[in-house]
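A closer look at the structure
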Amino acid sequence: MDNKYLKTSDLPLGQQSEYVSRYTPSLLYPIARRSSRVRLGITASDTPFKGMDIWTAYEMSWLDEKGKPCVAVGEFHIPYNSPAIIESKSFKLYLNSFNQTRFNNIREVIKTLESDLSTACGGPVFVQVLPLAQALNKSLGRFPGECLDHLPVQINDYQPNSTLLSIDKPDHIVGESLYSDLLKSNCPVTGQPDWASVYIRYRGRPINREGLLKYIISFREHQDFHENCVERMFMDIQQRCAPHQLTVYARYTRRGGLDINAFRSTDENLPLDIRLVRQ
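This one's a predicted model, so the numbers in the text were calculated from it and none came from an experiment. (Residues numbered from 1 in each chain as written. Predicted model: local features only at pLDDT ≥ 70, side-chain atom pairs only at ≥ 80, totals over all residues. Heavy atoms only, no water.)

Enumeration according to the criterion identifies twelve aromatic pairs in this entry. For the pair F49 and Y80, a centre-to-centre distance of 6.2 Å together with 70 degrees between the ring planes defines the contact as edge-to-face. Taken together, the positions of F49 in the loop between α1 (34-39) and β2 (50-63) and Y80 in the loop between β3 (69-79) and β4 (84-86) put the pair 31 residues apart, joining distant regions of the chain. The pair formed by F49 and Y80 is uniform in burial state, with each residue classed as buried. Joined through ring pairs, the aromatic side chains of F143, Y179, Y199, Y249 and F263 make up one cluster. The residue whose ring lies beneath R254 is Y58, and the NZ or CZ to ring-centre distance is 3.7 Å. (Phe/Tyr/Trp six-rings, centres within 6.5 Å; stacked < 30°, edge-to-face > 60°. Helix = DSSP H or I, 4+ residues; strand = E, 2+ residues; numbered from the N terminus. Buried < 20%, exposed > 50% of the residue type's maximum accessible area, 1.4 Å probe, protein only. Lys NZ or Arg CZ within 6 Å of the ring centre and 35° of its normal.)

Quick look at the sheet that holds strand β10 (residues 245-252) now. Taken in spatial order, the eight strands of this open sheet run β5-β3-β2-β11-β10-β9-β8-β7, and their pairing is mixed. Unpaired on one side and paired on the other, β5 (126-131) and β7 (146-147) mark the two borders of the sheet. Direction of pairing for strand β9 (residues 193-204) relative to β10: antiparallel, over a ladder of eight bridges. When the bridges of β10 are listed, Y202 appears paired with L246. Of the strands in this sheet, β7, β8 (174-186) and β9 touch helix α5 (residues 209-217), which is tilted by about 25 degrees from β8. (Pairing = 2+ DSSP bridges. Contact = heavy atoms within 4.5 Å. Axes fitted to C-alpha atoms, helices over the stretch in contact; angles between N-to-C directions.)

Along the chain, T190 falls in the loop between β8 and β9. Along the chain, T190 and T253 lie 63 residues apart, while their C-alpha atoms are 16 Å from each other. Engagement of the side chain of T190 in a polar contact is seen with the backbone nitrogen of Q192, the distance being 3.2 Å. (Polar contact = N/O pair within 3.5 Å; in protein donor to acceptor, adjacent residues only side chain to side chain.)

Along the polypeptide, L63 turns up in strand β2. Considering only alpha carbons, one finds L63 and F103, 40 residues apart in sequence, at a separation of 6.3 Å.

This part takes up helix α3 (residues 106-121). The first and last C-alpha atoms of α3 sit 22 Å apart over 16 residues, in line with the 22 Å expected at 1.5 Å per residue. Here α3 has its buried residues at V109, T112, L113, D116, L117, S118, A120 and C121. Contacts from the buried residues of α3 go to β1 (30-32), β2, β3, β4, α2 (88-96) and β5. The opening residue of α3, the one whose side-chain oxygen lies 3.1 Å from the backbone nitrogen of R107, is N105. Downstream of α3 by a residue or two, G122 has a phi angle that is positive, lying close to 80 degrees. (Expected span 1.5 Å × (residues − 1).)

Read these as spatial facts, not as claims about activity.
Take a look at the structure:
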């Protein structure tokens, strides 16, 4: 199944690219989810989470039927069980190809986006295109719950280390919402830093907070795609701490006008509709 998707070495990220300004759906480069999930022990028949990847595009534009430019903010929901994700630079190049393309109305833009992205990912992609006046309704916010970042921890690990995770008071059951703004990982192709805030909600035996913060920080020199980092966090917490319910939701800062926000959860709930200050 992975043969129809590109290898990392074939991706446009980090390479000089021609910026095409007329509609070209072939610019989209899908990457199979399977290879990274196999390393985490996740199989398609036994995925321990639900969720989605939410992309926000702040640099969307096209021409109306008279040739006048339109601008908007786009939001794309890619299901967790789609066979593929989309490489970020190819997504940006694809959106740029709308810049000099005429559409009769915004409905045609949305229909085109949903068709192309669903084909590339192999699953149904939901698309919203918000005119700027409507996008203004999404004000800045922050994750709910308690921030871990004030904890006076000693840091020695800058590669993911799941042994930092542990349980306090194993005879207690709690429900907590915790978050940190100190998540950083690196692009697996270019090595550029990817900055994020991560929200962890769980019900189960209390997770040691100092260890959880140290674990989050341990991703600082790790190279992987955003979606894979969140799935690794989910699996490590699940395996080391065994909560009854677990949500891991990371919102990354934008690069090239795009932010990527991966949500994985044991629950059916939708992710928080929130835009953080660094986004």
